[in-house]
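# Observations on the model geometry
One letter stands for each residue in the lines below.
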Amino acid sequence: MAVFAIVLAGLLDGIDGRIARLLKAQSRFGAELDSLADSLSFGMAPALVMFLWSLQDLPRFGWFASLAFAICCALRLARFNAQIDMAEQPHKSVGFLTGVPAPLGAGLAFLPLYLWLATGEAVFRHPALVAVWMTAIAVLMISNLATLSWTSIRPRRDIRLPAIALTGLMFAALLTEPWWTLAALCLLYLALMPYALTRYARIKRQRKADAPAPFDATRLQS
């Protein structure tokens, strides 16, 4: 029930900003409140769930992994808020995000839990494995890596109908096999991370090549 509630919070987080813009109700106060809610939903709640599920059986390091995840999520959201008014954001200017977003970070943190619920294998509940995994996701959230955003994966017009059909099938799979589907989505996102880095590097090189050459006063004098 707790995992489903956090997944539902992630789905709602994906549409609340769009609804605010459609209603012309966006404000800086709303942005701060949204990040506060995200810190609880995607930082504190997953940390508590994973601690009670597995990490409490690991003395000393279990609480450290949970705390690191919650703190890194809060830091990621604080960095996002601090950059709202910044005109120069290299990743955002080309349709990418900086680090793994908080809702996706929470979903990725639950990957061992998804696999355990889907298979019943005790290895996925091993506290040492879960601690290492939670710490790794925490680092990804506060990293400077370019990650995919909705704008960077917008489908072309000729494949939008298949994309809509695929989305419908995904929701059907979530209803019938939720744990396998959530695990597959996490693995797909992780598999796309190298593609995001490669694509961002290519766009960055292209923009650098298209930039006008700096003015050289010495050449003008000669």
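Attention in this report is confined to the structure presented alongside it. (Residues numbered from 1 in each chain as written. Predicted model: local features only at pLDDT ≥ 70, side-chain atom pairs only at ≥ 80, totals over all residues. Heavy atoms only, no water.)

A few words on the overall build of the protein chain. From N to C terminus, the protein chain includes 10 helices and two strands. For the protein chain, with 222 residues in total, the buried portion stands at 33%. The contacts of the protein chain with a sequence gap of at least 6 include a subset with a gap of at least 24, amounting to 82%. When the accessible surface of the protein chain is totalled, it reaches about 14,200 Å², and 70% of it is carbon and sulfur. (Helix = DSSP H or I, 4+ residues; strand = E, 2+ residues; numbered from the N terminus. Buried < 20%, exposed > 50% of the residue type's maximum accessible area, 1.4 Å probe, protein only. Contact = heavy atoms within 4.5 Å. Areas by Shrake-Rupley, 256 points an atom, 1.4 Å probe, with all protein chains shown as cover.)

In this structure, Met50, Phe69, Phe110, Tyr114 and Met134 are the most contacted members of the largest nonpolar core, which totals 39 residues. The set of elements that each furnish at least two residues to this core consists of helix H1 (2-22), helix H2 (28-53), helix H3 (61-82), helix H5 (102-109), helix H6 (111-119), helix H7 (127-142) and helix H9 (178-210). At seven residues, H7 tops the list of elements feeding residues into this core. Apart from residues no more than four positions distant in its own chain, phenylalanine 110 is found in contact with Val3, Ile6, Pro46, Val49 and Met50. (Core = buried A, V, L, I, M, F, W, Y, C linked by side-chain atoms within 4.5 Å.)

What follows concerns the packing of H5 against H9. Packing of H5 against H9 leaves a shortest axis separation of 9 Å and a crossing angle of 120°. Between H5 and H9, the angle is such that the two are oblique. Crossing angle aside, the handedness with which H5 passes H9 is left-handed. Of H9, the residues touching H5 (which contributes Leu104, Gly107 and Leu108) are Cys186, Tyr189 and Leu190. Class assignment for the residues of the contact of H5 with H9 results in five nonpolar, one polar and no charged. (Axes fitted to C-alpha atoms, helices over the stretch in contact; angles between N-to-C directions. Parallel < 35°, antiparallel > 145°, perpendicular 65-115°, else oblique. Left-handed = near helix turned anticlockwise from the far one by under 90°. Nonpolar A, V, L, I, M, F, W, Y, C, P; charged D, E, K, R; others polar.)

Turning to the side chain of threonine 147, a few remarks are in order. Following the sequence through the fold, threonine 147 ends up in strand E2 (residues 146-148). Beyond its immediate stretch of four places on either side in the chain, threonine 147 contacts Phe96, Leu97, Thr98, Gly99, Val100, Pro101, Tyr189, Met193 and Ala196.

Time to look at a nonpolar patch on the surface. On the surface, a nonpolar cluster with roughly 820 Å² of combined accessible area is contributed by Leu8, Leu11, Leu12, Ile15, Ile19, Leu22, Leu23 and Phe171. Per element, the largest residue contribution to the nonpolar patch is six residues, and it comes from H1. Locating leucine 8 in the fold gives a position in helix H1. (Patch = residues over 30% accessible without salt bridge, like charges linked within 9 Å, V, L, I, M, F, W, Y side chains within 5 Å. Salt bridge = Lys/Arg side-chain N within 4 Å of Asp/Glu carboxyl O.)

This part is about the side chain of serine 35. Mapped onto the elements of the fold, serine 35 is located in helix H2. When near neighbours in sequence (up to four residues on either side) are disregarded, serine 35 contacts Leu77, Phe80 and Asn81.

Right, let's talk about the packing of aromatic side chains for a bit. Enumeration over the complete set of coordinates arrives at six aromatic pairs. Ring plane angle 25° and centroid distance 6.2 Å describe the contact between tyrosine 114 and tryptophan 179, whose orientation is recorded as stacked. Placement of tyrosine 114 in helix H6 and of tryptophan 179 in helix H9 is noted, with a sequence separation of 65 residues between them. In textbook terms, an aromatic cluster arises when at least three aromatic residues are bridged by ring pairs, as seen for Phe4, Phe110, Tyr114 and Trp179. Against the face of tryptophan 116 rests arginine 125, its NZ or CZ located 4.9 Å from the ring centre. (Phe/Tyr/Trp six-rings, centres within 6.5 Å; stacked < 30°, edge-to-face > 60°. Lys NZ or Arg CZ within 6 Å of the ring centre and 35° of its normal.)

Trans is the prevailing form of peptide bonds, just as negative phi is the prevailing case for residues other than glycine. The phi dihedral of arginine 60 is positive, around 70°, even though this residue is not glycine. With respect to the helices and strands, the residue arginine 60 is situated in the loop between H2 and H3.

Before going further, it helps to examine the environment of tyrosine 189. Relative to the helices and strands, tyrosine 189 is located in helix H9. When the C-alpha atoms of tyrosine 189 and leucine 148 are compared, they prove to be 8.9 Å apart, with 41 residues separating the residues in sequence. Residues in contact with tyrosine 189, not counting those within four places in the same chain, are Val100, Pro101, Leu104, Leu108 and Thr147.

A few words on the environment of tryptophan 133. Relative to the helices and strands, tryptophan 133 is located in helix H7. Separated by 23 residues in the primary sequence, tryptophan 133 and phenylalanine 110 place their C-alpha atoms 9.4 Å from one another. Look past the residues within four positions of tryptophan 133 in its chain and what remains in contact with it is Leu108, Ala109, Leu111, Pro112 and Leu190.

Moving on to H5. Residues spaced three or four apart along an α-helix point in a common direction, a consequence of the helix completing one turn every 3.6 residues. Burial of H5 is extensive: six of the eight residues sit out of reach of the surface. Listed in full, the buried residues belonging to H5 are Ala102, Gly105, Ala106, Gly107, Leu108 and Ala109.

By themselves, these observations are geometric and do not establish any function.
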